[in-house]
Amino acid sequence: GDEGRKAEIENGLYSLAKDNQTLTRNERWRKLTSFVSREVIERLRAPCHAPLPSPHDPLKYDINARELFERPFEVGDDVLVRISANAIPGVTVARGRSQDVFPGVVLDYSRGANEKVPVRLKDHEITVLMESKQLVLVRPLERPYYYSASYTRVPKHTDWRGLTPAEKTMMAMDSSYLLEVMLKRYLMNDTDLLLGEVQYSFLSAVIGGCTTSLHQWKQLLALMCNCEKALLERIELFRNFNEVLLEQISFSPRDYESLAEIVRDKLEVYLEILTDSEVAVFSDQARALKKAFKNRFGWKT
């Protein structure tokens, strides 16, 4: 099924990255994975583990309650949420019990057992923030267990203390500062790791059908496409990013997840930033990207 195909793709990417000669056999694939190195794969690769029998419905579900350092939760995962009595208004536990479990769905992926993650409670139609260690993973038996990428956190906000109103406005309009935070805090200031993650998440989403990968790719795209200051300070990074993006747009299925509409607003702004930069290589790449958008999605940019 689709999940089995996803597992094959995830493991296939790993195998291909181990053997560079395999990658060079196909020029298109080589370009799509030019930054997916062994180091990138090892950073993103999370261990897979066996399911445990469910005491709730052994015919329909498996439950895995191992530590999240082994397998982080993903967007869309079904979970059981452990909630104590009177902890959340409107959520009532069974009489005589100090806590109970409630079915929910994860809205964002987690990084560790103590990190809070947003969960939508299915029976109460409310969203709660719970520590990951309070959640229990629930998966239908027909969905196989597979290696899941542990993606790098994409910064969404910063500490505004000590900043002037003008500085706050600038940082809200330009993501360059957040890009620097991500590179230096999580990626050892290695831009190739960032580009490798852009490529991996795209292929995992488009070929493997992984919604978490699509979410990560969109976040990375939103970050990279809104960096006027960094564009001029990290010319090599953005030159490579533009080449990666050009290959991805050319490879994208025209009807995949309404991809064109998902990214259009971000990319239109990015094309303006490239054109206004007055850097020759960026101007040439902006024209190539416009042509690719028109050929693939019929955009008139």
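Reading the values: rules and limits
Residues numbered from 1 in each chain as written. Predicted model: local features only at pLDDT ≥ 70, side-chain atom pairs only at ≥ 80, totals over all residues. Heavy atoms only, no water. Helix = DSSP H or I, 4+ residues; strand = E, 2+ residues; numbered from the N terminus. Buried < 20%, exposed > 50% of the residue type's maximum accessible area, 1.4 Å probe, protein only. Salt bridge = Lys/Arg side-chain N within 4 Å of Asp/Glu carboxyl O. Axes fitted to C-alpha atoms, helices over the stretch in contact; angles between N-to-C directions. Parallel < 35°, antiparallel > 145°, perpendicular 65-115°, else oblique. Left-handed = near helix turned anticlockwise from the far one by under 90°. Contact = heavy atoms within 4.5 Å. Nonpolar A, V, L, I, M, F, W, Y, C, P; charged D, E, K, R; others polar. Phe/Tyr/Trp six-rings, centres within 6.5 Å; stacked < 30°, edge-to-face > 60°. Expected span 1.5 Å × (residues − 1). Core = buried A, V, L, I, M, F, W, Y, C linked by side-chain atoms within 4.5 Å. Pairing = 2+ DSSP bridges.

Engineer: An account of the overall build of the protein is needed here, citing residue identities and associated values.
Structural biologist: Looking only at helices and strands, the protein has 12 helices and seven strands in total. Taking all 301 residues of the protein together, the buried fraction comes to 46%.

Engineer: Tell me what's going on with unusual backbone geometry, and back it up with residues and numbers.
Structural biologist: Its identity is not glycine, yet Asn 86 carries a phi of approximately 65°, on the positive side. Positionally, Asn 86 belongs in the loop between β3 (78-84) and β4 (99-106). According to the relative accessible area criterion, Asn 86 is exposed, its value standing at 77%. Even without glycine at this site, Met 188 takes up a positive phi of about 55°. Among the structural elements, Met 188 can be located in the loop between α6 (176-186) and α7 (191-206).

Engineer: Lay out the pattern of salt bridges in plain terms, naming residues and giving numbers.
Structural biologist: As enumerated under the stated definition, the model contains 11 salt bridges in all. Note that Asp 100 and Arg 97 form a salt bridge whose closest N and O atoms lie 3.5 Å from each other. One network of salt bridges, with partners in common, ties together Glu 180, Lys 184 and Arg 234.

Engineer: Summarise the packing of α7 against helix α8 (residues 211-224); cite the residues concerned and give the values.
Structural biologist: Interaxial distance between α7 and α8 falls to 8 Å at its minimum, and their mutual angle equals 140°. In terms of axis orientation, α7 runs oblique to α8. Note on packing geometry: the crossing formed by α7 with α8 is left-handed. Along the contact surface, α7 presents Leu 194, Glu 197, Val 198, Ser 201, Phe 202, Ser 204 and Ala 205, while α8 presents Ser 213, Leu 214, Gln 216, Trp 217, Leu 220 and Met 224. Residues that form the contact of α7 with α8 fall into these classes: eight nonpolar, four polar and one charged.

Engineer: I'd like to hear about the packing of aromatic side chains, residue by residue, with values.
Structural biologist: Remark: the centre distance and the inter-plane angle together describe each pair of aromatic rings, the angle taken between the planes. Using the criterion set out here, one finds five aromatic pairs in the structure. Considering the side-chain rings of Tyr 151 and Tyr 200, the 6.4 Å spacing of their centres and the 65° angle between planes classify their relative orientation as edge-to-face. Placement of the pair is Tyr 151 in the loop between β7 (135-140) and α5 (165-173) and Tyr 200 in helix α7, with a sequence separation of 49 residues. In this structure, Tyr 151 and Tyr 200 share a single accessibility class: buried. In this structure an aromatic cluster arises from ring pairing among Phe 202, Trp 217 and Phe 251.

Engineer: I'd like a description of α7, backed by residues and values.
Structural biologist: A rise of 1.5 Å per residue sets the reference length of α7, with its 16 residues, at 22 Å; its end C-alpha atoms lie 23 Å apart and thus fit the reference within 8%. In terms of burial, α7 is largely enclosed, as 15 of its 16 residues are buried.

Engineer: Please provide a residue-by-residue account of the environment of Val 106, values included.
Structural biologist: Mapped onto the secondary structure, Val 106 falls in strand β4. On the accessibility criterion, Val 106 (1% relative accessible area) is buried.

Engineer: Kindly report on the nonpolar core, identifying the contributing residues and their values.
Structural biologist: Grouped together as the largest cluster of nonpolar side chains are 54 residues, with contacts concentrated most on Leu 179, Leu 194, Phe 238, Phe 241 and Leu 267. For this core, the element with the highest residue contribution is α7, accounting for nine residues. Once residues lying within four places of it in the same chain are set aside, the contact partners of Leu 267 are Leu 221, Cys 225, Leu 245, Ile 249, Phe 293 and Trp 299. Val 79, Val 93, Met 130 and Leu 135 belong to the second largest nonpolar core, which has 14 residues in total.

Engineer: Any chance you could break down the packing of α7 against helix α10 (residues 235-251) for me, citing the residues and the numbers?
Structural biologist: Two elements in contact, α7 and α10, have axes separated by 10 Å at closest approach and are oriented at 10°. By the criterion of interaxial angle, the relationship of α7 to α10 is roughly parallel. Across from Thr 191, Leu 194, Leu 195, Val 198, Gln 199, Phe 202, Leu 203 and Val 206 in α7, the residues of α10 making contact are Leu 237, Asn 240, Phe 241, Val 244, Gln 248 and Phe 251. Of the residues belonging to the contact of α7 with α10, the class tally is 10 nonpolar, four polar and no charged.

Engineer: Kindly report on the pairing of strand β5 (residues 116-121), identifying the contributing residues and their values.
Structural biologist: Residue alternation in β5 divides its side chains into a buried set, Val 117, Val 119 and Leu 121, and an unburied set, Lys 116, Pro 118 and Arg 120. Relative to β5, β4 runs antiparallel, the two sharing three bridges. Across the sheet, Gly 104 pairs through a bridge with Leu 121, a residue of β5. Two successive antiparallel strands, β5 and strand β6 (residues 126-131), enclose a turn made up of four residues, where Glu 125 displays a positive phi of approximately 55°.

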